[in-house]
Structure formats: structure tokens, C-alpha cells
Amino acid sequence: MSLATQHAIGEAWAASSVSGATTALVKDRLYALQHPYPLDGRVSSYPASARGFSVANSYLLAQGDAAMLIDTGFGKDEPAIRAQIESLIAPGLPLSLFPLRLNEFMSINNVETFAAHFNVEQCYTSNIDAALWFDFGAKADGRAILDAMPVTAVTRSDTIALGRQGRPIDVMQAPIRLIATRWLYDRATRTLFSSDMFTHVWRAHANGPWIVTDDDDRTSARELRSFLLNTRYWWLEGAPTDSIRRGIGEVFDKYDIETIAPGYGCILRGRKVVARHYHMLDGFLKACDKSVAVSRYVTRDEER
């Protein structure tokens, strides 16, 4: 890599750490806090050959008397995300945190900082000892802050009541996952928070757009297949995917989903878009089942 290329990449990363957008998915109810980053071969959640930009997504669910932040974002974006939250909720408003992936920085990196800055009344996780996971890069008093933070362990099938009116947020174990992951469904906005699934749409430019609608939904089934097989889901080819298909199908049968909000990558918006990407994923999984495909190890340098 030339020095000029390294310099350009460094500038892109620096720019991505201070830029970002607050998108009202449902005014006064749901906001996406989005921060772009370049795809330059170093981001393992995308194929090594991917070029362009993706976006890290945190989501703020707002109520008059409470709020919830889903995923806390990368540490590099902490000042911007903190300012976004401050612009959306009143000072001192009770704030809950829910990092959906306990062992990924994009999900947990700012838990300690936000717990120190906001009125964090609890942190929802799948592990009662999760606070032990959140001290990467913590300040000198970070351990004490995390030890004092209330942690509420959720089950694999649970419901959170947000605010005094009890806005229901359904919790489920992700039916397709590589690591311990939860999906959420917000009944009020008909939004599925899909963590590290449905993350397959990125853009050529740092300014997005970061929402896919029926007007610009051009992702093909072949592109979805290539994305999954060249990232953390490389092992699906030749795996017993019938049970995974049933689990995902149950989610889409049970819930009325108008928006798929992934932890990174473009948000999928609208019933037609949601249905199309679900059926593409289901078709891919069907073609990968061990009854019709052969499992084999694939190195990082091999792309399919």
C-alpha cells in the first residue's frame, strides 16, 4: 500500500469519527444514530474486497419519561453519539442500555462512558456478569462505575416494558448467530433490531444514503450470498440450515415488521423491502443446507 493510499485511508477514518447523522425513523419514538466508516479491507464484518462505506448504527427509543439506547457505538464516535443523545432526551431522563452483542466493540464500547454521563437506570444483557465485559479502555474510575450500574439479565424470550406506559420491547435469541446475540422487536414502531444480520447493504460514498427503500432496493440474491459467505457466516454452506430457516421464519410470521434495523449497514425500510430481503435470505439458507451443499473450510483470502 502506498503512502498516499495510507494517508487517504487515514483521512477517511478521521472524518468518519466526527461525522454522523441522526435519523428520525419515527418522530419522537425512534431515532437512528449513524456513523459511517470506510471499507478498505480491514473491516472483518465485510468482505476483504469491499470498498466504499458502511455505517455503525445505534438506536434511541424515546418515551416521554424514559429512553433506551440499543448498542453504544465505537469509542471513536463517543463524543458525537453522546451529543446526539443529549439533543434527543431531557437532562436526567432515565436511560436504559441494551448492547445486543456482548463481545463486539461496536456494541459495547461506550457503556462505561455513557453510564458515567447519563442517568443510566439499567443495562439489559443476556449475562448477569456482563459489566465485566465493558471495561475495555475504561477510565480510572470505570470499574466502580460499571460495578454500580444495575444490570438486568433477559432470557431468550422476554419482554421489556419501557417507561411508565410500558411500551413493549420483545427480546429474542437471534435465530441465526455466530456469537451470543439478541434481536429486539419494538411493537410501537414495527421495527426489528437484527444486530449482525441483514447488514449486507453498504454504499459507495460516506454520505450514504443509509436507508434502503423500495425506490432504491437493488441488492441481488447473488450479492447477498457473496456477502454472507465472505464474512462471519462463511460456515453456512453445508450446515444444517433448516432449523435456522424455521427460527427466522417464526420471527417474520409472528411480528409485523415494517423496518429492519441492523447494527451496521443500511436500514431496510418498508414492507416490500423487508419481505424481499427476508425471502432472499431464506432462499440462500435453503440452498446452503447440508442436504444439497458440501461444508468446507474457507480462508479469509478466498472469496465466493
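You'll find the structure just up there.
Residues numbered from 1 in each chain as written. Predicted model: local features only at pLDDT ≥ 70, side-chain atom pairs only at ≥ 80, totals over all residues. Heavy atoms only, no water.

Some points on the overall build of the protein
Using the following cut-off: Helix and strand assignments come from DSSP, with helices taken as H or I runs of at least 4 residues and strands as E runs of at least 2, each series counted from the N terminus. Only the C-alpha atoms count toward the radius of gyration. The rule for a globule is 2.2 Å times the residue count to the power 0.38. Exposure categories follow from relative accessible area, calculated using a 1.4 Å probe and restricted to protein chains: below 20% of the type maximum is buried, above 50% is exposed, and the middle band is partly exposed. Contacts between residues were defined by any pair of non-hydrogen atoms, one from each residue, lying within 4.5 Å. Surface accessibility in these figures is a Shrake-Rupley result with a 1.4 Å probe; residues are shielded only by whichever protein chains are displayed.
Across its full length, the protein carries eight helices and 14 strands. Taken over the C-alpha trace, the protein has a radius of gyration of 19 Å; the compact-globule value for 304 residues is 19 Å, and the two agree within 12%. For the protein, the C-alpha atoms occupy an extent of roughly 55 × 50 × 40 Å along the three principal directions. Among the 304 residues that make up the protein, the fraction classed as buried is 54%. If you take every contact in the protein between residues at least 6 apart in sequence, the share linking residues at least 24 apart comes to 68%. Surface summary for the protein: the accessible area is close to 13500 Å², and the carbon and sulfur share equals 52%.

Some words on the sheet that holds strand β5 (residues 95–98)
Applied cut-off: Only when DSSP finds a minimum of two bridges between them are two strands counted as paired. Between the N-to-C directions of two axes lies an angle of 0 to 180 degrees, each axis being a line fitted to C-alpha atoms and, for a helix, fitted only over the stretch in contact.
As summarised here, the arrangement of the seven strands in space is β1-β2-β3-β4-β5-β6-β7, forming an open sheet in which the pairing is mixed. Edge positions in the sheet fall to β1 (21–26) and β7 (151–153), since each has one partner strand and no second. In this sheet, adjacent strand axes meet at a mean angle of 25° when their direction is disregarded. Across the sheet, helix α2 (residues 78–88) lies against β1, β2 (30–39), β3 (52–62) and β4 (67–70), angled at about 165° from β2, the strand it touches most.

Overview of the sheet that holds strand β8 (residues 157–162)
Strands belonging to one sheet form pairs held by backbone hydrogen bonds; the direction of such a pair is parallel or antiparallel. In spatial order, the strands read β8-β9-β10-β11-β13-β14-β12; together these seven strands make up an open sheet with mixed pairing. Taken across any chain shown, the strands that pair with only one partner, and hence form the sheet edges, are β8 and β12 (211–212). Looking at chain direction, strand β10 (residues 182–186) and strand β11 (residues 191–195) are connected through three bridges and run antiparallel. Considered in β11, the bridge of D186 is made with T191.

Some thoughts on unusual backbone geometry
Residue P209 is reached from G208 by a cis peptide bond, and omega for that bond is 10°. In this structure, P209 sits in the loop between β11 and β12. Of note in the backbone geometry, D71 takes a positive phi value of approximately 70° without being a glycine.

Structural notes on the pairing of β4
Rules: Crossovers are described as right-handed under a simple rule: with the strands pointing away from the observer, the path leading from the first strand over the helix to the second runs clockwise.
Because side chains alternate across β4, one face comprises the buried residues A67 and L69, and the other comprises M68 and I70, equally buried. Bridge count for β3 against β4 is four bridges, and the pairing is antiparallel. Within the sheet, the bridge partner assigned to L61 lies in β4 and is M68. Hairpin geometry of β3 and β4 is characterised by an intervening segment of four residues between the two adjacent antiparallel strands. Here four bridges tie β4 to β5, and the two strands are oriented parallel to one another. Bridge pairing in β5 links L69 to L97. Crossover handedness for the path β4 to α2 to β5: right-handed.

Description of helix α7 (residues 242–254)
For clarity, the threshold we go by: The span expected for a helix works out to 1.5 Å for each residue beyond the first.
The end-to-end C-alpha separation of α7 is 18 Å, in line with the 18 Å expected for 13 residues at 1.5 Å each. When α7 is considered as a whole, its buried residues turn out to be I244, G247, I248, G249, V251 and F252. Of the surrounding secondary structure, the elements contacted by the buried residues of α7 are β9 (167–173), β10, β11, β13 (259–262) and α8 (271–288).

Thoughts on the packing of α7 against α8
Here is the rule we go by: Should an angle fall under 35 degrees it is taken as roughly parallel, and over 145 as roughly antiparallel, whereas 65 to 115 is taken as roughly perpendicular and any remaining angle as oblique. Handedness of a crossing is defined here by the sense of rotation of the near helix relative to the far one, left-handed for an anticlockwise turn of less than a right angle and right-handed for a clockwise turn. Just so you know the grouping, Ala, Val, Leu, Ile, Met, Phe, Trp, Tyr, Cys and Pro go in nonpolar, Asp, Glu, Lys and Arg go in charged, and all remaining residues, Gly too, go in polar.
One can describe the packing of α7 onto α8 by two numbers: an axis separation of 10 Å at closest approach and a directional angle of 165°. In terms of axis orientation, α7 runs roughly antiparallel to α8. Crossing geometry of α7 relative to α8 is assigned as left-handed. In contact with I244, R245, I248, G249 and F252 of α7, α8 contributes V274, Y278, L281, D282, L285 and K286. Partitioned by chemical class, the residues of the contact of α7 with α8 number seven nonpolar, one polar and three charged.

Quick notes on the nonpolar core
Definition in use: Throughout, nonpolar core names a set of buried Ala, Val, Leu, Ile, Met, Phe, Trp, Tyr and Cys residues whose side chains join them through atoms within 4.5 Å.
I176, W183, F252, I257 and L281 are the most contacted members of the largest nonpolar core, which has 44 residues in total. Residue contributions to this core peak at eight residues, all from α8. Ranked by size, the runner-up nonpolar core spans 25 residues in total, among them I85, L97, L102 and C123.

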